[in-house]
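Architecture at a glance
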Amino acid sequence: MGHDDLPSLELAFPGPERDRGVAAILSGRKTALTGLLEIFEHAGEAVPQTGQRFSVLDSQGRPAVTIELIDVRVVPMKEIDDDFARAEGRGYCDVAQWRAAHEEFFRSDGVSEFLGGTPVIDDETLVVAERFRVVEPVQRV
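Here we summarise the structure given alongside this text. (Residues numbered from 1 in each chain as written. Predicted model: local features only at pLDDT ≥ 70, side-chain atom pairs only at ≥ 80, totals over all residues. Heavy atoms only, no water.)

**With respect to the overall build of the chain**
Across its full length, the chain holds 5 helices and 5 strands. Taken from N to C terminus, the helices and strands of the chain fall in the order β-α-β-α-β-β-α-α-α-β. In terms of C-alpha radius of gyration, the chain reaches 14 Å, essentially the compact-globule figure of 14 Å for 141 residues. The C-alpha extent of the chain, read off along each of the three principal axes, is 45 × 30 × 30 Å. With 141 residues in all, the chain has 43% of them scored as buried. Pairs at least 24 residues apart make up 70% of the contacts formed inside the chain by residues separated by at least 6 positions. Carbon and sulfur atoms provide 50% of the accessible area of the chain, an area that totals close to 7600 Å². (Helix = DSSP H or I, 4+ residues; strand = E, 2+ residues; numbered from the N terminus. Rg over C-alpha atoms; globule rule 2.2 N^0.38 Å. Buried < 20%, exposed > 50% of the residue type's maximum accessible area, 1.4 Å probe, protein only. Contact = heavy atoms within 4.5 Å. Areas by Shrake-Rupley, 256 points an atom, 1.4 Å probe, with all protein chains shown as cover.)

**Focus: the environment of Phe 105**
By the element assignment, Phe 105 lies in helix α4 (residues 95–106). As a C-alpha pair, Phe 105 and Ala 12 span 93 residues in sequence and 8.3 Å in three-dimensional space. Once residues lying within four places of it in the same chain are set aside, the contact partners of Phe 105 are Ala 12, Phe 13 and Val 111.

**Side note on the sheet that holds strand β5 (residues 126–137)**
Taken together, 5 strands build an open sheet; the order of strands is β1-β3-β4-β5-β2 and the sheet is mixed. Bordering the open sheet on either side are β1 (8–9) and β2 (32–36), each of which pairs with just one other strand. Sitting on the sheet, helix α1 (residues 16–27) is in contact with β3 (53–57), β4 (63–76) and β5, with an inclination near 95° to β4. Contacts from α4 reach β2 and β5 within the one sheet, and its direction differs from that of β2 by about 45°. (Pairing = 2+ DSSP bridges. Axes fitted to C-alpha atoms, helices over the stretch in contact; angles between N-to-C directions.)

**Section: unusual backbone geometry**
With a phi angle near 45°, Ala 12 is a residue other than glycine that sits in the positive phi range. When you line up the elements, Ala 12 lands in the loop between β1 and α1.

Given below as structure tokens:
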């Protein structure tokens, strides 16, 4: 199955944040993702399942890398630990840094606009915690 045959996955919003995320995946630093369950529900999307593959898109909407999910859990934010936070590949030293960054993103104008209001973010907020492996980077010609 080629990159174009897979469902796509977009990190954050197009721009520097997405570009840093894609670069972190390609470098091997990023092996985990976190999504707000409320976003999946609002979009009418099923929670991803272990074994699914995705084509991760860059800011131009082009496939950059194929990943395969190796673990997917829906958990309250309070259950994310330091190991998972570091696996996000964004330079978080611990879960406190991960939490601050994710609270800021989940309360951002873009997310609030998509959801039609600012989500409540607290210890019980459910997130989709995904671990993945890189299957294949896209070869640019």
